[in-house]
Amino acid sequence: MGFQCGIVGMPNVGKSTLFNALTATAAAQAANYPFCTIEPNVGRVAVPDARLDALARIGKSARVVPTQLEFVDIAGLVRGASRGEGLGNQFLANIREVDAVAHVLRCFEDGDITHVEGSIDPLRDRETVDTELMLADLESLEKRAPALQKRARTGDKEAAAQLAVIEPILVHLRDGRPARAFRPGSPEEASQVRQLQLLTAKPVLYVCNVEEASARDGNALSRKVFEMARAEHASAVVISAAIEAEVAVLPAADQGEFLAALGLEEPGLARVIRAGYELLGLLTYFTCGPKEARAWTVRRGAKAPEAAGAIHTDFERGFIAAEVIAYDDYVALGGEPGAKAAGRMRAEGRDYVVADGDVILFRFNV
């Protein structure tokens, strides 16, 4: 489906190290699912989900195909990016195209890796990036507003409706608050906000890049980021990009032992991927049979025909019904035959809203 999470941050915070670890991990898993680097700075990664392996065992599936998420390594940002400083124009263009943002913040000291600001302060770095994005959004809206005001004075209802959304967002931005802090009053307003394609309207995940010793519990700097994220109702995760880079090149059989020696249960990348998936408002449903067990991605709130369309447009166009088994029932009852015998497999129509973990067989006719 092409859901993209952009990795942003200032130079020398570990942003590209994180992206390279993500894509190296994906390349190592390429035997299990189709992987490609779409462009030098875009890579697809599998979304970790233990449920898929359980379904494959029960369904005796010949292969396992995880769902995927695209990560984009976006050019580093410096002060003045909104005026085109550094790679500012490229940065702003790339971030506009992604669906959500993973903002990498440097939470480690290292005299060998210089910081463009001369010191380590993740909250300052976050403010620098947000300020540049808000300035770019301000410029965009202030250019649009006069023409809309002129049209609204002539009785243009569409222009008046757009102004009713733009004007309070401008107040937010001028107060130093990002567009994502604006709360639309209706679904129609929310749709209009999305159409504005504002940089600061993107949902954000803060990724605290810490030194190796703090990879499990974080450190004083990452705790400040978590406090800030809670105040924003945002999410944050802790990783050590240096560890992730090492794990990514190890054989799969050795990765668990390496992580255990560091007191870690799983790679930090797994947390980043899952958090990015949740940030985008996505959920997973499954198909399972002898040929393959496969995970599919749809947005939360998707109805059955839309979910069918994730497999093939013909499935959506000719949708008849969805035969659904909840994941817990599938596992507890030993698969489709047991669930069917227990009356836990149900037929759902066009208005059924897909739930995370549903195991679905679509009926269609084209």
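Our structure is the block above this text.
Residues numbered from 1 in each chain as written. Predicted model: local features only at pLDDT ≥ 70, side-chain atom pairs only at ≥ 80, totals over all residues. Heavy atoms only, no water.

## Things to note about the packing of aromatic side chains
Here is the rule: Two aromatic rings, drawn from Phe, Tyr or Trp (for Trp, its six-membered ring), form a pair once their centres lie within 6.5 Å of each other, and the interplanar angle then sorts them: stacked below 30 degrees, edge-to-face above 60, tilted otherwise. For the purposes of this entry, the term helix denotes a DSSP run of H or I that reaches at least four residues, the term strand denotes a run of E that reaches at least two, and both are numbered from the N terminus. For the exposure calls, accessible area comes from a 1.4 Å probe over protein chains only, and a residue counts as buried if that area is under 20% of its type's maximum, exposed if over 50%, partly exposed in between. Over a ring means this: the NZ of a Lys or the CZ of an Arg is within 6 Å of the ring centre and within 35 degrees of the ring normal.
For the structure on display, the rule yields four aromatic pairs. With a centroid separation of 6.4 Å and 65° between ring planes, the pair formed by Phe319 and Phe362 is classed as edge-to-face. One end of the pair, Phe319, is in strand E11 (residues 319–325); the other, Phe362, is in strand E13 (residues 359–364), and 43 residues separate them in sequence. Judged by relative accessible area, which is 7%, Phe319 ranks as buried. In textbook terms, an aromatic cluster arises when at least three aromatic residues are bridged by ring pairs, as seen for Tyr285, Phe319 and Phe362. Of note, Arg51 hangs over the ring of Tyr327, and the distance from its end group to the ring centre comes to 6.0 Å. Lying over the aromatic face of Phe108, Arg106 brings its terminal NZ or CZ to 4.4 Å of the ring centre.

## A closer look at the packing of helix H5 (residues 157–174) against helix H6 (residues 187–195)
Basically, it comes down to this: The axes used here are C-alpha line fits, helices contributing only the stretch in contact, and every angle between their N-to-C directions lies in the interval 0 to 180 degrees. Convention used here: angles under 35 degrees read as roughly parallel, angles over 145 as roughly antiparallel, angles from 65 to 115 as roughly perpendicular, and any remaining angle as oblique. Any two residues whose heavy atoms approach within 4.5 Å at even a single point are treated as in contact. Residues were grouped as follows: Ala, Val, Leu, Ile, Met, Phe, Trp, Tyr, Cys and Pro as nonpolar; Asp, Glu, Lys and Arg as charged; and all remaining residues, including Gly, as polar.
For the pair H5 and H6, interaxial distance at closest approach is 10 Å and the crossing angle is 70°. In terms of orientation, H5 and H6 fall into the roughly perpendicular class. Contacts between H5 and H6 involve Ala161, Gln162, Val165 and Ile169 from the first element and Glu189, Gln192 and Val193 from the second. Taken together, the residues that form the contact of H5 with H6 break down as four nonpolar, two polar and one charged.

## Notes on the pattern of salt bridges
The test is simple: Salt bridges are defined by distance alone: a side-chain nitrogen of Lys or Arg within 4 Å of a carboxyl oxygen of Asp or Glu.
Summed over the entire model, instances satisfying the criterion amount to 23 salt bridges. Measuring nitrogen to oxygen at the nearest pair gives 3.4 Å for the salt bridge that ties Lys143 to Glu139. With Lys143 and Glu139 both in helix H4 (residues 122–153) and four residues apart, the pair spans about one turn of that helix. Here Arg363 and Glu323 are joined by a salt bridge, their closest N and O atoms 3.2 Å apart. Within this pair, whereas Arg363 is found in strand E13, its partner Glu323 is found in strand E11, the two being separated by 40 residues in sequence. Taking the relative accessible area as the measure of exposure, Arg363 reaches 39% and is therefore partly exposed. Via salt bridges that share partners, Arg126, Asp130, Arg180 and Glu232 belong to a single interconnected network.

## With respect to the environment of Gln255
Along the polypeptide, Gln255 turns up in helix H9 (residues 252–261). Each C-alpha atom of the pair Gln255 and Arg151 lies 62 Å from the other, and the pair is 104 residues apart in sequence. Those residues in contact with Gln255 that lie beyond four places of it in its chain are Val247, Ala248 and Leu250.

## Notes on the nonpolar core
One recurring pattern in soluble globular proteins: nonpolar side chains tend to sit buried together. Filter applied, for reference: We define a nonpolar core as any set of buried Ala, Val, Leu, Ile, Met, Phe, Trp, Tyr and Cys residues linked to one another through side-chain atoms lying within 4.5 Å.
If you look at the biggest cluster of nonpolar residues, it comprises 54 residues, and the most contacted ones within it are Leu18, Leu22, Phe71, Ile95, Tyr206 and Val207. Ranked by residue count, the leading element in this core is helix H10 (residues 268–279), at six residues. Here Phe71 is in contact with Cys5, Ile7, Phe19, Leu22, Asn41, Val42, Gly43, Val45, Val272 and Ile273, once residues within four sequence places are set aside.

## Overview of empty space enclosed by the protein
Test applied: Computed over the protein atoms alone on a 1 Å grid, cavities are sets of points where a 1.4 Å probe fits but cannot get out and pockets are open sets with protein on both sides within 12 Å along at least five of seven lines; a residue lines them when it has an atom within 4 Å of a point. Grid points are joined across faces, edges and corners, and a volume is the space filled by probe spheres set on the points.
Evaluated as defined, the whole model comprises two cavities of 30 Å³ or more. Its volume calculated, the largest cavity comes out at about 50 Å³. Residue lining of the largest cavity: Val8, Val101, His103, Val129, Asp130, Leu133, Arg180, Leu199, Val204 and Tyr206, and that is the complete set. Those elements that place two or more of their residues in the lining of the largest cavity are strand E6 (100–106), H4 and strand E7 (204–209). Among the elements that line the lining of the largest cavity, the one with the most residues is H4, at three residues. A breakdown of the residues in the lining of the largest cavity according to their chemical character gives seven nonpolar, one polar and two charged. By volume, the second largest cavity amounts to about 40 Å³. When the residues that make up the lining of the second largest cavity are grouped by side-chain class, the tally is five nonpolar, two polar and three charged.

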